[in-house]
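Listed here are the chains, written in short residue letters.
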Amino acid sequence: MRRKLIVGNWKMNGSVAANAVLLNELKAGAAKQHCDIAVCVPFPYLAQCQNELVYTNIAWGAQDVSAHNIGPHTGEVATRMLLDFECSCVIVGHSERRCYHHEDDDLVANKAQRALAGGLTPIVCVGETLAEREAGETAAVVSRQLDAVLSVLEPEEATKIIVAYEPVWAIGTGKNATPGMAQEVHALLRARIGNKNKAASDSARILYGGSMKPDNAKELLGMPDIDGGLVGGASLKADDFLAIINCVVA
Ligand code: PGA
């Protein structure tokens, strides 16, 4: 049985003062839950999360990581630096990185590989645009994106990644994929993982992201291959994020 995982993706939001309030509310509300919880925050707030969340049941991580380890890469942050702040996970290949920063499948794969090699769990994001869905290309696009990552990993490493299916048209739009649509893609992604490593297909956690909210989370999280959520907008309000977490029952 895969334990569910709810990850907040703060994107480029927050301030030291606002985070202090949000983190305190989360800590108070998340103490007794039936799922794993993490927040992925902007780099400058990792130290704050480390201070606030150590000894709690909320893990923390970053939203991107360099494919390099050290050297002349101005503006980049290495896995080993994230580990200095006791991050446990990092998002790679978010559609906002792919679309606005032109990150291709190879770069995303290298980032995932580098993170894993250093001991961080990559949350690998895949997802189709609206045009790709309407053209009937969803399966091809998400398979290509996931296979690029799997192709650079050893079979046993496939057990250590988390995948997030985030249809681009659902991110920040208020239009979520229906549970049925999401389940279909999740099942496909699980099968692709199984091609690399049969055991990993049972154990891998595949999250859904894209306008997950308190009012749709229960149904989405009830699908057999949806193992949690990658939550953007709703993770910025403690009440909403906790309401999603509360949808996971024992
Ligand atoms: P959203 O974002 O929940 O605001 O749609 C999800 C994400 O981008 O990870």
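Up top is the structure these notes are about.
Not measured: the values here are computed from a predicted model.

Caption draft 1: Highlighting the site of the ligand. Around the ligand, the surrounding shell holds 13 residues, and the nearest of these are K11, H94, E166, G172 and S211. Between the ligand and the protein, one listed contact pairs an oxygen atom with a side-chain N or O atom of N9 at 3.3 Å. In the model, an oxygen atom of the ligand is placed 2.7 Å from a nitrogen or oxygen of the G172 main chain. When the residues that make up the shell around the ligand are grouped by side-chain class, the tally is four nonpolar, seven polar and two charged.

Caption draft 2: Representation of the packing of helix α1 (residues 16-29) against helix α2 (residues 46-53). At a closest axis distance of 11 Å, the pairing of α1 and α2 adopts a crossing angle of 30 degrees. Looking at the two axes, α1 sits roughly parallel to α2. In this structure, the crossing between α1 and α2 has a hand that is right-handed. Contacts between α1 and α2 involve V16, N19, A20, L23, N24 and K27 from the first element and Q48, C49, E52 and L53 from the second.

Caption draft 3: Structural detail: helix α10 (residues 214-221). Of all the positions in α10, only N216, A217, L220 and L221 are classed as buried. The buried side chains of α10 occupy one side of the element, clustering within an arc of 125 degrees when seen end-on. Structural note: α10 exposes D215, K218 and E219 on the side pointing more than 90 degrees away from its buried face. Contact partners of the buried residues in α10: β1 (5-9), α8 (179-196), β7 (205-209), β8 (228-231) and α11 (238-246).

Caption draft 4: Here's a closer look at the pattern of salt bridges. Scanning the model with the defined rule gives 16 salt bridges in all. Between R2 and D227 there is a salt bridge; the shortest N-O distance is 2.8 Å. Remark: D227 occurs in the loop between α10 and β8 and R2 occurs in the segment before β1; sequence separation between them is 225 residues. Residue D227 is classed as buried on the basis of its relative accessible area, which comes to 1%. Across the pair E96 and K11 runs a salt bridge, and its minimum N-O distance is 2.9 Å. With a gap of 85 residues between them, E96 in helix α4 (residues 95-100) and K11 in the loop between β1 and α1 connect regions that are remote in the sequence. Among the charged side chains, a network of salt bridges with common partners joins R2, R190, D225 and D227.

Caption draft 5: Expanded view of the pairing of strand β4 (residues 89-92). In β4, alternate side chains face the same way, and those of C89 and I91 on one face and V90 and V92 on the other are all buried. Sheet analysis places strand β3 (residues 58-62) next to β4, joined by two bridges and oriented parallel. Considered in β4, the bridge of G61 is made with C89. Handedness of the crossover joining β3 and β4 through helix α3 (residues 79-84): right-handed.

Calculation criteria
Residues numbered from 1 in each chain as written. Predicted model: local features only at pLDDT ≥ 70, side-chain atom pairs only at ≥ 80, totals over all residues. Heavy atoms only, no water. Near = heavy atom within 4 Å. Polar contact = N/O pair within 3.5 Å; in protein donor to acceptor, adjacent residues only side chain to side chain. Nonpolar A, V, L, I, M, F, W, Y, C, P; charged D, E, K, R; others polar. Axes fitted to C-alpha atoms, helices over the stretch in contact; angles between N-to-C directions. Helix = DSSP H or I, 4+ residues; strand = E, 2+ residues; numbered from the N terminus. Parallel < 35°, antiparallel > 145°, perpendicular 65-115°, else oblique. Left-handed = near helix turned anticlockwise from the far one by under 90°. Contact = heavy atoms within 4.5 Å. Buried < 20%, exposed > 50% of the residue type's maximum accessible area, 1.4 Å probe, protein only. Arc of directions from axis to C-beta. Salt bridge = Lys/Arg side-chain N within 4 Å of Asp/Glu carboxyl O. Pairing = 2+ DSSP bridges. Right-handed = clockwise from strand over helix to strand, strands pointing away.

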